[in-house]
Amino acid sequence: MSKTVYLINGPNLNLLGKREPAIYGADTLDDVTSRCDGLARSASLTLTAMQSNHEGQIIDWIHEARDKAQAILINPGAFTHTSVAIFDALQAFEGLVFEIHITNVHKREPFRHHSYVSARAEGVLAGFGVEGYELALRRVITLLA
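These lines cover the structure that appears in this document, whether it is placed above or below.

Cut-offs used in this document
- Residues numbered from 1 in each chain as written.
- Predicted model: local features only at pLDDT ≥ 70, side-chain atom pairs only at ≥ 80, totals over all residues.
- Heavy atoms only, no water.
- Helix = DSSP H or I, 4+ residues; strand = E, 2+ residues; numbered from the N terminus.
- Rg over C-alpha atoms; globule rule 2.2 N^0.38 Å.
- Polar contact = N/O pair within 3.5 Å; in protein donor to acceptor, adjacent residues only side chain to side chain.
- Contact = heavy atoms within 4.5 Å.
- Core = buried A, V, L, I, M, F, W, Y, C linked by side-chain atoms within 4.5 Å.
- Buried < 20%, exposed > 50% of the residue type's maximum accessible area, 1.4 Å probe, protein only.

A word on the overall build of the protein. Counting its secondary structure elements, the protein contains 5 helices and 5 strands. Element order for the protein, N to C, with α for helix and β for strand: β-α-α-β-α-β-α-β-β-α. A globule of 145 residues ought to have a C-alpha radius of gyration of about 15 Å, and the protein, at 14 Å, matches this closely. Principal-axis analysis of the C-alpha atoms places the extent of the protein at approximately 45 × 30 × 25 Å.

What follows is the structure, given as structure tokens:
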């Protein structure tokens, strides 16, 4: 049976490649997902990718992952700094969790310096651009091997 990794993206990441490309780059979320899917397949993993601008939907996917996934890669977007509910949902997930941010949030506005998700994550990748997604997935591949 193939192991599954959920790739969950939060608010505004559907605009990746269009929104502030000087900050977030020109790659779209589809580009990122496609590269991660290829990497996952090469390691005999199934990648299930999703994006929502709605906190409750993200929480529902985390709950779903409890029965379907061995790992979650999550870029919670702005919910990183505000959502105790996403943290609580991740606490109920027994698999691996990696938090991803395209930019180095610690070099940005002070309100972005705190993450509720980091307290649950095995690792945090920030400031590696969209390559952070593949780096996080490579770590999951290593840990699930």
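Within the secondary structure layout, Asn-75 lies in strand β3 (residues 71–75). Among the polar contacts made by the side chain of Asn-75, one reaches the side chain of Tyr-133 at a distance of 3.1 Å. Beyond its immediate stretch of four places on either side in the chain, Asn-75 contacts Ile-8, Asn-9, Gly-10, Leu-13, Ile-100, His-101, Ile-102 and Tyr-133.

In this structure, Val-5, Leu-73 and Tyr-133 are the most contacted members of the largest nonpolar core, which totals 25 residues. If you list the elements that add at least two residues to this core, you get β1 (3–9), α2 (29–42), β2 (45–51), β3, β4 (96–101) and α5 (131–144). Among the nonpolar cores identified, the runner-up in size contains 19 residues, and Ile-58, Ile-72, Phe-93 and Ala-121 belong to it.

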